[in-house]
Amino acid sequence: MKFFYTLIFALISTTILSQNTYLHCGKLIDTKTGTILTEKTVVVSGNKIIKVESGYLDGNPDDITINLKNKTVMPGLIDMHVHLEQETNPNAYLEKYTASEADVAYNSVGFAEATLLAGFTTVRDLGGSGVNISLKKAINKGRIDGPRIFTAGKSLATTGGHADPTNGNKRSEIGDPGPKDGVVNSIEDAKKAVRQRYKNGADLIKITATGGVLSVAKSSSNPQFTVEEIKEITKTAKDYGFHVAAHAHGDEGMQRAILGGVKTIEHGTLMSTKTMDLMKKYKAYLVPTITAGKEVTEKAAIDGYYPAIIVPKALEIGPQIQNTFSKAFKRGVRIAFGTDAGVFKHGQNAKEFAYMVEAGMPAMTTIQCATIVNAKILNMRTQLGQIAPDFFADIVAVNEDPTKDISTMENVVFVMKDGKVFKQ
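Predicted model only: the values in this text are computed from it and were never measured.

> Mind laying out the overall build of the chain, listing which residues take part and the relevant values?
Across its full length, the chain carries 13 helices and 15 strands. In terms of overall size, the chain behaves like a compact globule, its C-alpha atoms giving a radius of gyration of 22 Å where 424 residues would be expected to give roughly 22 Å. By its C-alpha atoms, the chain is 75 × 55 × 45 Å across when sized along the principal axes. Taken across its 424 residues, the chain has 54% of its residues classed as buried. Contacts in the chain between residues far apart in sequence, at least 24 positions, make up 70% of those at least 6 positions apart. By element, 51% of the accessible surface of the chain is carried by carbon and sulfur atoms, the whole surface being about 18,400 Å². Counting 50 positive and 44 negative side-chain charges, the chain places the averaged centre of each group 5 Å from the other.

> How would you explain the sheet that holds strand 5 (residues 77-82) if you had to name every residue and give the values?
Ordered in space as 5-6-7, the 3 strands form an open sheet in which the pairing is parallel. The open sheet has two edge strands with one neighbour each: strand 5 and strand 7 (148-151). If you compare each strand with its neighbour and ignore which way they point, the axes differ by 20° on average. With 4 bridges joining them, strand 6 (residues 120-125) and strand 7 adopt parallel strand pairing. Counted as the bridge partner of Val-123 is Ile-149 from strand 7.

> Hey, could you go over the side chain of Glu-295 for me, with residue numbers and the actual values?
The residue Glu-295 is located in helix 9 (residues 290-300) in this model. With sequence-adjacent residues up to four places away left out, Glu-295 is seen in contact with Thr-88, Tyr-306, Val-343 and Phe-344.

> Account for the packing of helix 5 (residues 187-200) against helix 6 (residues 227-239), with residues named and values stated.
Put simply, helix 5 and helix 6 touch, their axes get as near as 8 Å, and they point 30° apart. For the pair helix 5 and helix 6, the sense of crossing is right-handed. Here Ile-187, Ala-190, Lys-191, Val-194 and Arg-195 of helix 5 lie close against helix 6, whose contacting residues are Glu-228, Glu-229, Glu-232, Ile-233, Thr-236 and Ala-237. Here the residues of the contact of helix 5 with helix 6 sort into 5 nonpolar, 1 polar and 5 charged.

> Please give an account of the pattern of salt bridges that cites residues and values.
Opposite charge on two side chains makes pairing possible when the charged atoms of those side chains draw close. For the structure on display, the rule yields 11 salt bridges. Salt-bridge contacts for Arg-124 lead to Glu-266; the nearest nitrogen and oxygen are separated by 2.8 Å. Here Arg-124 is found in strand 6, whereas its partner Glu-266 is found in strand 10 (residues 264-267), with 142 residues between them in sequence. For the pair Arg-124 and Glu-266, one class covers both residues: buried. Among the salt bridges present, the one from Arg-148 reaches Asp-418, with a minimum N-O distance of 3.0 Å. Of the two residues, Arg-148 is situated in strand 7 and Asp-418 in the loop between strand 14 (412-417) and strand 15 (420-423); the sequence distance between them amounts to 270 residues. Owing to a relative accessible area of 29%, Asp-418 belongs among the partly exposed residues under this scheme. Taken together, the shared-partner salt bridges in this structure form one network comprising Arg-148, Asp-394 and Asp-418.

> Kindly report on unusual backbone geometry, identifying the contributing residues and their values.
Although it is not a glycine, Thr-289 sits at a positive phi angle of roughly 55°. Using a relative accessible area of 0% as the deciding quantity, one classes Thr-289 as buried. Its identity is not glycine, yet Asp-390 carries a phi of approximately 80°, on the positive side. With respect to the secondary-structure elements, Asp-390 resides in the loop between helix 13 (363-377) and strand 13 (395-398). Judged by its relative accessible area of 57%, Asp-390 is exposed.

The rules behind each value
- Residues numbered from 1 in each chain as written.
- Predicted model: local features only at pLDDT ≥ 70, side-chain atom pairs only at ≥ 80, totals over all residues.
- Heavy atoms only, no water.
- Helix = DSSP H or I, 4+ residues; strand = E, 2+ residues; numbered from the N terminus.
- Rg over C-alpha atoms; globule rule 2.2 N^0.38 Å.
- Buried < 20%, exposed > 50% of the residue type's maximum accessible area, 1.4 Å probe, protein only.
- Contact = heavy atoms within 4.5 Å.
- Areas by Shrake-Rupley, 256 points an atom, 1.4 Å probe, with all protein chains shown as cover.
- Lys, Arg positive; Asp, Glu negative; His and termini not counted.
- Charge placed at Lys NZ, Arg CZ, Asp CG, Glu CD.
- Pairing = 2+ DSSP bridges.
- Axes fitted to C-alpha atoms, helices over the stretch in contact; angles between N-to-C directions.
- Left-handed = near helix turned anticlockwise from the far one by under 90°.
- Nonpolar A, V, L, I, M, F, W, Y, C, P; charged D, E, K, R; others polar.
- Salt bridge = Lys/Arg side-chain N within 4 Å of Asp/Glu carboxyl O.

Next up, the structure:
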């Protein structure tokens, strides 16, 4: 009798393990070729895509069939610039002093879920306190729902720079933070700071190459690292398999970052044509974050929403980001999709698509930026960004054809990540 039950259990287990999912796709975006295919079946086994076939195929009686015949299906989207530990609100600067690490962690769970349900199955988290590393681990272990995260952990800054964690503190509490806290002031600091990020569990490095808008510091755009410091950061990062992203609004800081070997420039607001050509020469990517620019401009008009020192910076920088993106794209600068979610509400990442189209980029190109381009930067080009055999089963769907109505990207109706359906 014991053998009988063991046999039955084994048969049931085998059936469950061998169960495949068949997605009947009315329209399917081939991101590699930039074309839309029709009447395709995507077969998923476990967390991988095993085949893509023409027509609507059925599997075995035990397999699952999902009807997406009246939808447009595409790979899971990738946002290269988010901050999952935080979200804009009028009390955000006070919360720096009142919120505990546990508060930050609990809030991040909701932000991660909202991001996933919006169709972004992979993100690059570009700076927080280190809770973002724990969030990544919790998602990887299946404890909470969220996107696949590549995180920088704590961003690197110079003393008083955009990511100096003590900016805004009273004088007696400013102290002298160093590499462990993400503050770099020398070649040796640069090495140690990168190695500390590796020790902490980060996947990449993010530096603040210039001043920024939302930090409690005067300048929005002054250069804040030397070329030599940046070169040491990128050199050390390479030893650990990391690439480097550089927050930058000011032109001089961007040029130093590009010459220093960074992979991506975030925002790029005051970029000159000389810098655009430098980016082309060094094969660097611009991550525009147009949505964030729109958001800070809007919020700066609300009395008391930001500290007074931030308002003029927001009004200076925010309105220029979309126009700079348009110029850079038309000049041939490589573009990656990224939004700076957290500066605006998580889950609204897809607003970026319409802003990119509005600025002159074809709709299909915006989708390729959010899939195959970003997968390449993450060194995941054979695993993410396409619906093809052996790729991760990260698949999303929208109601309309985005090449005809890009706003449909803001209403993702189906989300699968790693073969598991999270929204249908």
